[in-house]
Amino acid sequence: MANPISLPLYEEISRKNNLQRAFDILIFFLLLSLLIYRFLSLNNHGLTWLLAFLCESFFTFTWFLVISTKYNPVAYKTYPDLVLERVPELPSVDMFVTTADAVLEPPIITVNTVLSLLAVDYPTHKLACYVSDDGCSPLTYYSLVEASKFAKLWVPFCKKYNIHVRAPFRYFSNNPVTFGGSSMEFQQEWNRMKDEYELLRRKIEDAVQNSLPCDLTGDFAEFLNAERKNHPTIIKVIWENKAGLPDGFPHLVYISREKQPKHPHHYKAGAMNVLTRVSGLMTNAPYMLNVDCDMFVNNPKVALHAMCLLLDPKSEKEIAYAQFPQVFYDGLKDDPYGNQFVVYFEYMVHGIAGIQGPFYGGTGCFHRRKVIYSLSPDNVDSVNEKFAEDILSKFGSSKELMKSAAHALKGKIDPPANLWNSIQAAYQVAGSAYEYGTSWGTKVGWKYGSTTEDIHTGLMIQKKGWRSVFCTPDPPAFLGCAPSSGPVVMTQQKRWATGLLEILFSKSCPIFSTLFEELQFRQCLPYLWILMWGLRSVPELCYTALPAYCIITNTSFLPKVQEPVLYVLVSIFVIYNLYTLSEYLQTRQSVRAWWNNQRMSRITTTGAWLFGFLSVILKLLGISETVFEVTQKDQSSDDVNDAEVGRFTFNESRLFLPGTTILQVHLTALVVGLLKLQPPTQDRHGSGLGEVMCSVYLVLCYWPFLIGLFGKGRHGIPLSTICKSAVLTLIFVHLCRRTAMG
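Residues numbered from 1 in each chain as written. Predicted model: local features only at pLDDT ≥ 70, side-chain atom pairs only at ≥ 80, totals over all residues. Heavy atoms only, no water.

Remarks on the sheet that holds strand S3 (residues 93–99)
With mixed pairing, the 8 strands of this open sheet are ordered in space as S5-S6-S4-S3-S7-S11-S9-S12. Each end of this open sheet is capped by a strand with a single partner; those strands are strand S5 (234–239) and strand S12 (467–470). With strand direction ignored, the average angle separating the axes of adjacent strands in the sheet is 20 degrees. Bridge count for strand S4 (residues 127–133) against strand S6 (residues 251–256) is 5 bridges, and the pairing is parallel. Within S6, the position partnered with Tyr130 by the bridge is Val253. Relative to strand S9 (residues 319–323), helix H15 (residues 453–462) is tilted by about 150 degrees, and along the sheet it contacts S9, strand S11 (365–368) and S12. (Pairing = 2+ DSSP bridges. Helix = DSSP H or I, 4+ residues; strand = E, 2+ residues; numbered from the N terminus. Axes fitted to C-alpha atoms, helices over the stretch in contact; angles between N-to-C directions. Contact = heavy atoms within 4.5 Å.)

Here it is, written out as structure tokens:
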């Protein structure tokens, strides 16, 4: 039998993907051959040929980025049981939960996430849970106070019976025999726990319905005159494990940082930096886990899995953070909104893991505190007093924070004996003006300047030379709720596209990080792939408009039947679709899920991403600033009627205007072609069956919008959007006619 001391805590496993590589490269060479043909025949064709060449050049470059990203996929296998045998004393972990709006992010969701964190399999005296409430809601605080009472029963119950699912709402929706045991004692305790949770849930729901949990007096007095965007700092130690009992439950601290209208608060990144500073004063754990309020722990050994990767002797100078995938529970069947990202995590992220490591995803990630404090791999072993002073000189005016940060940088473990001893200093570092004149948000902590602070922060870490690892335990470490309505999905996609482009058009661009910093060249390529999401909307929209334009003006952008290159174009279309379909089937998804993701790719790119691109352009021109929009979280399905589950929903948002217009344009073009209303061709390059087939394909992609034209309520496109789209369609047709006449 092998000696446990000699066994590794984790294994890095290279995945074989020779067939996948072959198809990737085949598609790439087919694209190149198409581009070469178009370039050589530019003089024989008009504007449409040139536009097609430019768009296809962008798509070919994007495919090159995909090939490089997926070329060397890697997986990590962790051995959490070995950690307990090999590490005599596990390090402390500070756990961060962020919420920003008690309406869009109901307190019962946050409570379940917190309860699942408090019950993880890890010495409880080594854990502390900090909840950041950027909405400054007494409902959230009240819910956490009530949850702490329930936690005194829930945590021992989970540990005693080795419960696997430790978010109560999820656990009690399943058969108790499947999740714990069938003994009489267990059944009695299960019933008791369920009754206690139902009582907790009713208390929270009653408080939400009444808007206020109670009179704002006593412990709630600080919320009396608080406004969401204008209030002082509120820090409450809800529970402190004073005795340091391993079998108790962890510290629980509520934080609502100070906000004033004249001070920028930098959205989630600002909240994360406050959590980092306050936790540094109170517990100063060397590792930090952050999760969104809707991402509950699904694998109770999650912290042990992360420690396998972070405590390995080689990891200290190499690995900055351990990222877990985002997996969703009760997702809509066949992924109608294309936002469950199964294929993305299976192929793209595993590919990135084989380079310099995955992007930081903003949730489900374990960080080293000293890396967040801007330490680079080269300086891990050389943190002396002078070096620490150089870093800490931009930490702000709090001497207590600088002292705790110095300990963190040097690897010293010296947590305060009592959380309350740090309250005064914690209020200081949570103030809205504390960061002025400091490096917080620029060189230290979570980075500012983008609504996708996660990708930005991860890029800043990796450009120092740090690697990251992708941990995929079974069962999944965390489960969350994916947006399940059209407006929420489009809003989320717009925010992502906006934030990613903000990074691309800034000093943080990964090209600069590769040229002048330590970001690997091949790691730069996947960053470019994701940062260009918003930029992709321009060629995508242009390419989408070309078939309709060609039909209306009787021109062409596709080769004719007698041209051999037509078979190249058809081959690209067929091989690409069969190839992507195989990826979905290999990840146990349906053909319908594949098609839904294909059409949603068109819809989000030409809609949400287009507006994200326009938002960044307006910001660069100094006309307006970008805004962080919180998306709605919901534990239940989007639709109450099972017959309507998965049907596309709409609202008055302008994000649906491009999709509605594209549909109307192509319907108009097909009518023009069917009725032979096109002008006569002048150069024997008139539109043909190819353009018609492309137009029909796009109508199929925008089929939810076609149904929405005749739908009612939230399943129907608002009349105002239809009218605006009709006007834009008429303008497009008029311009096409003028171009043809010219």
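On we go.
Thoughts on the packing of helix H10 (residues 342–353) against helix H18 (residues 521–531)
For the pair H10 and H18, interaxial distance at closest approach is 9 Å and the crossing angle is 145 degrees. Facing Tyr344, Met348 and Ile352 of H10, the residues of H18 in contact are Gln523, Pro526, Trp529 and Ile530. Within the contact of H10 with H18, the residues separate by chemical class into 6 nonpolar, 1 polar and no charged. (Nonpolar A, V, L, I, M, F, W, Y, C, P; charged D, E, K, R; others polar.)

Some thoughts on the side chain of Gln523
Its place among the elements puts Gln523 in helix H18. In terms of polar contacts, Gln523 uses its side chain to reach the side chain of Gln462, at 2.9 Å. With near-sequence residues (within four places) excluded, Gln523 lies in contact with Ile352, Ile355, Gln356, Gly357 and Gln462. (Polar contact = N/O pair within 3.5 Å; in protein donor to acceptor, adjacent residues only side chain to side chain.)

Quick word on the nonpolar core
One recurring pattern in soluble globular proteins is that nonpolar side chains are buried together. Membership of the largest hydrophobic core comes to 92 residues, with the highest contact counts inside it found for Trp154 and Phe366. Here this core takes 13 residues from helix H5 (residues 138–161), the largest share from any one element. Of all hydrophobic cores here, the second largest spans 75 residues; its members include Leu30, Leu65, Met460 and Leu525. (Core = buried A, V, L, I, M, F, W, Y, C linked by side-chain atoms within 4.5 Å. Buried < 20%, exposed > 50% of the residue type's maximum accessible area, 1.4 Å probe, protein only.)

Regarding the pattern of salt bridges
For the structure on display, the rule yields 26 salt bridges. For Glu316, the salt bridge identified is with Lys370, shortest N-O distance 2.3 Å. Here Glu316 is found in the loop between helix H9 (302–310) and S9, whereas its partner Lys370 is found in helix H11 (residues 369–372), with 54 residues between them in sequence. Note on Lys370: relative accessible area 12%, which makes it buried. A salt bridge links Arg602 to Glu540, with the nearest nitrogen and oxygen atoms 2.5 Å apart. Within this pair, whereas Arg602 is found in helix H21 (residues 591–606), its partner Glu540 is found in helix H19 (residues 537–553), the two being separated by 62 residues in sequence. Arg602 sits in the buried class, given a relative accessible area of 14%. Taken together, the shared-partner salt bridges in this structure form one network comprising Asp134, Arg257 and Lys259. (Salt bridge = Lys/Arg side-chain N within 4 Å of Asp/Glu carboxyl O.)

Examining the packing of aromatic side chains
Counting across every chain of the model gives 60 aromatic pairs. Here the aromatic rings of Phe23 and Tyr579 are separated by 6.1 Å at their centres, their planes lie at 25 degrees, and the arrangement is stacked. Of this pair, Phe23 sits in helix H1 (residues 18–40) while Tyr579 sits in helix H20 (residues 565–586), and the two are 556 residues apart along the sequence. The class of Phe23 is partly exposed, set by a relative accessible area of 31%. Owing to a relative accessible area of 7%, Tyr579 belongs among the buried residues under this scheme. For the pair Phe39 and Phe53, a centre-to-centre distance of 6.0 Å together with 40 degrees between the ring planes defines the contact as tilted. Within this pair, whereas Phe39 is found in helix H1, its partner Phe53 is found in helix H2 (residues 47–70), the two being separated by 14 residues in sequence. (Phe/Tyr/Trp six-rings, centres within 6.5 Å; stacked < 30°, edge-to-face > 60°.)

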